[in-house]
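Residues per chain are reported as follows:
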Amino acid sequence: MSNVLSNEKRGMRELGAEKKVGWNEVTHGVVLHSFEDDAADIALRKAEDRKYSEFSSYTATVASWRVIKPVYNRDICIDCQNCWVWCPDSSIISRDKQILGIDYDHCKGCGVCVEVCPTNPKSLLMFGEALSSDDAIAQWPVKEKKEK
Amino acid sequence: MAITSVKNLKEFSTSNDRFEGAHLLCPGCAHSMIVRELMNCTDDNLVISTNTGCLEVSTAVYPYTSWDTSWIHIGFENAATAAAGAEAMYKARKRKGTLKNPDAPVKFVAFGGDGSTYDIGFQWLSGAVERGHNFTYICLDNENYANTGGQRSSATPIGASTTTAPAGRVSYGEKRNKKDMLAIMAANGASYVAQVAPNKWKNMAQAFQKALSTDGPCYINAMSACTTEWKFDPKDTINISDLATDSLAFPLYEIINGTELNITYRPKNVLPVKDYLAAQGRFKHLFKPENAHVLEEWQKRVDEKWEYLQRREEARV
Ligand SMILES: Cc1ncc(C[n+]2csc(CCOP(=O)(O)OP(=O)(O)O)c2C)c(N)n1
Ligand code: SF4
Ligand code: SF4
Ligand code: SF4
Ligand SMILES: [Mg+2]
């Protein structure tokens, strides 16, 4: 299951890195197949059980859009799934009602997940892109007192 | 219809994504929150049409697609036309017995922006609803033509500054009132009509599921807070949406068969509408003393609309 968080199997490509095709070379009425196999039961399959084709944006990355990134702290999280439902980039990975972590290939660093996290201190916080997650967790704030 | 449980968020989180990341919508864009939730709230096959606008240009950047279902891109005015055509063909082929898998459940959905829905695709949407196609039309209402740089549409509310109705020395921005698409669609004969907002995820999922399981044309107006054109920080999409629903700037309600109106969300504490307006750059100028009358007008219209919705709900009309 953890392989859903590793990007090796996806053969990640930076968007726009592929050979450019001129407007007059694009095939008319082009059909892009998202999967390499029959997708009839795709709604019943998790990402790790799917064969994404190279046409699916799942196999691409927008990581370079970020200057800040969310870091996830499992110790405080109550698995409420707020961050999962509101992430605009399908980048919070949840399995069996538990958060596994952040998909840094697709996260754009908007910060919505941090805003909607209800714990105190928050279980998600934004840090500079260059900081390692371990270093971020080492400087996690302690519980804030409620303002009276 | 194979419905995903939306009893609570934990259960809903076991659904599988069919809308993929690495689309190119702005960070914090609400369009994707709405689309992903629609796709996660059913296991049925989906045939989706999307016309030109932010959603389409950002999710089908050749050679990529972010869609894990059958998906058709069509011109600006024709989201409804494409879904209606696919639905009609599906029915015909089912009748003739030429479908490969006639028993597989299929739902037809169209996504359009407010520019295409309220203005440019209005006639085609009206026709598809009139013909009674079995489909759900979802308007991603960000109250402007976002993809072309923020021009006003007939969904733009009074006082908003847009590139074609900018606020300045002689104008406070948009002068006209927002068109009431829900009333129009209900009068047009839509079987189910609802206004939803992504911050109320359960309310939205329930409306989606009702629409998908209703036989006949359905129209859903989904508020889609636009970080770029409403001018707020991308992290605040849900905060702004909360202000919109809790100030009743976007009241959430449904109309069944054109006659039965139900309010589907009642804020515990109704916020003043100026709290919602103050959080967005597009309304910044309204807080100058000379524009105080626009703030008053805004609040008055919100109060009148809420009063009207409550009266209709009470009278069961
Ligand atoms: C017939 C036609 N007129 C104009 C355009 C240019 N155009 C492309 S996207 C767009 C704006 C779309 O606005 P809206 O429907 O509100 O969607 P949004 O981008 O805001 O989500 C316009 C005007 C077009 N593609 N086709
Ligand atoms: S920062 Fe934005 S894109 Fe990244 S995980 Fe959080 S909500 Fe998703
Ligand atoms: S919003 Fe916070 S508490 Fe809730 S699941 Fe996400 S990280 Fe955990
Ligand atoms: S301009 Fe607005 S609607 Fe378009 S992608 Fe950006 S936030 Fe979304
Ligand atoms: Mg729009």
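Keep in mind that what you see is a predicted model, and the values were worked out from it rather than measured. (Residues numbered from 1 in each chain as written. Chains lettered and ligands numbered in written order. Predicted model: local features only at pLDDT ≥ 70, side-chain atom pairs only at ≥ 80, totals over all residues. Heavy atoms only, no water.)

(A) How the structure looks around the confidence of the model for chain B. Taken as a whole, chain B shows an average pLDDT of 97; of its residues, 100% reach a score of 70 or greater. For this predicted complex, the interface confidence comes out at an ipTM of 0.96, alongside a pTM of 0.95. (pLDDT = per-residue confidence, 0-100.)

(B) Summary view of the coordination of the magnesium ion (ligand 5). All names here are of chain B. Surrounding the magnesium ion (ligand 5) are the protein donor atoms Asp114 (OD), Asn142 (OD1) and Asn144 (O), which sit 2.0 to 2.1 Å from the metal. The sequence motif formed by the donor residues of the magnesium ion (ligand 5) is D-x27-N-x1-N. With aspartate 114 in helix α5 (residues 114–120) and asparagine 144 in the loop between β4 (136–141) and α7 (181–188), this pair connects stretches of sequence that are 30 residues apart. The pair formed by aspartate 114 and asparagine 144 is uniform in burial state, with each residue classed as buried. (Donors = N, O, S within 2.8 Å, 3.2 Å for Na, K, Ca; no water. Helix = DSSP H or I, 4+ residues; strand = E, 2+ residues; numbered from the N terminus. Buried < 20%, exposed > 50% of the residue type's maximum accessible area, 1.4 Å probe, protein only.)

(C) Representation of α7 of chain B within the structure. All names here are of chain B. Of the positions making up α7, those classed as buried are Met181, Leu182, Met185, Ala186 and Asn188. Projected onto a plane normal to the axis of α7, the buried residues spread over an arc of 160 degrees and lie on a single side. Those residues of α7 that are buried lie in contact with α5, α6 (122–131), β5 (192–196), β6 (218–223) and β7 (253–256). Glycine 189 occupies a position one or two residues after α7 and carries a positive phi of about 110 degrees. (Arc of directions from axis to C-beta. Contact = heavy atoms within 4.5 Å.)

(D) Spatial organisation of the interface of chain A and chain B. On the chain B side, the residues contacting the 47 residues of chain A number 43 residues. With a shortest N-O distance of 3.3 Å, arginine 50 of chain A and glutamate 20 of chain B are connected by a salt bridge. Where chain A meets chain B, there are 23 residue pairs in polar contact (both at pLDDT 80 or more). Counting only elements with at least two residues in the side of chain A that touches chain B, the list comes to β2 (60–61), α1 (82–86) and α2 (112–116) of chain A. Looking at the side of chain A that touches chain B element by element, the count peaks at 4 residues for α1 of chain A. Of the residues belonging to the side of chain A that touches chain B, the class tally is 25 nonpolar, 11 polar and 11 charged. (Salt bridge = Lys/Arg side-chain N within 4 Å of Asp/Glu carboxyl O. Polar contact = N/O pair within 3.5 Å; in protein donor to acceptor, adjacent residues only side chain to side chain. Nonpolar A, V, L, I, M, F, W, Y, C, P; charged D, E, K, R; others polar.)

(E) Focus on the pairing of β4 of chain B. Residue and element names in this part refer to chain B. Among the 6 residues of β4, 6 are classified as buried, and the element is accordingly described as predominantly covered. Across the two faces of β4 the burial is the same, with Thr136, Ile138 and Leu140 and Tyr137, Cys139 and Asp141 all buried. Across 5 bridges, strand β3 (residues 106–113) lies against β4 in parallel orientation. Across the sheet, the residue bridging to valine 109 is threonine 136, located in β4. Pairing analysis gives 6 bridges linking β4 to β6, with the strands arranged parallel. Its bridge partner lying in β6, aspartate 141 is registered against methionine 223. (Pairing = 2+ DSSP bridges.)

(F) Just the side chain of arginine 312 of chain B, in detail. With respect to the element layout, arginine 312 of chain B can be found in helix α12 (residues 292–315). Among buried charged residues, arginine 312 of chain B stands out as having no salt bridge; its nearest opposite-charge side chain is aspartate 180 of chain B, 6.9 Å away. (Lys, Arg positive; Asp, Glu negative; His and termini not counted.)

(G) View of the pattern of salt bridges. Residues and elements named next belong to chain B. Using the criterion set out here, one finds 27 salt bridges over all chains in the structure. The salt bridge involving glutamate 143 is made with arginine 282; its shortest N-O contact spans 2.9 Å. On the criterion of sequence distance, the pair formed by glutamate 143 in the loop between β4 and α7 and arginine 282 in the loop between α11 (273–278) and α12 is long-range, its members being 139 residues apart. In this structure, glutamate 143 and arginine 282 share a single accessibility class: buried. Here aspartate 180 ties to lysine 305 by a salt bridge, and the two come within 3.8 Å at their closest N and O atoms. Taken as a pair, aspartate 180 in the loop between β4 and α7 and lysine 305 in helix α12 lie far apart in primary sequence, 125 residues in all.

(H) Quick look at the site of ligand 4. The environment of ligand 4 is made up of Leu25, Cys26, Cys29, His31, Cys54, Asn142, Ala146, Cys226, Thr227 and Thr228 of chain B. Of the residues assigned to the shell around ligand 4, the class counts are 6 nonpolar, 4 polar and no charged. (Near = heavy atom within 4 Å.)

(I) Inspection of the site of ligand 3 at higher detail. By nearness alone, 14 residues border ligand 3, and Cys77, Cys80, Gln81, Cys83 and Cys117 of chain A come closest of all. A per-class count over the shell around ligand 3 returns 9 nonpolar, 4 polar and 1 charged.

(J) Representation of the sheet that holds strand β2 (residues 70–74) of chain B. All names here are of chain B. Read from one edge to the other, the open sheet built from 8 strands follows the order β2-β1-β3-β4-β6-β5-β7-β8, with strand pairing classed as mixed. Sheet topology places β2 and β8 (260–263) at the edges, where each strand pairs with a single neighbour. On average, adjacent strands in this sheet sit at an angle of 15 degrees to one another, irrespective of strand direction. Note: β5 against β6, 5 bridges, orientation parallel. Each residue of the ladder has a partner; that of tyrosine 192, found in β6, is cysteine 218. In this fold helix α2 (residues 30–40) packs onto β1 (45–51), β3, β4 and β6, with an angle of close to 160 degrees to the strand it touches most, β4. (Axes fitted to C-alpha atoms, helices over the stretch in contact; angles between N-to-C directions.)

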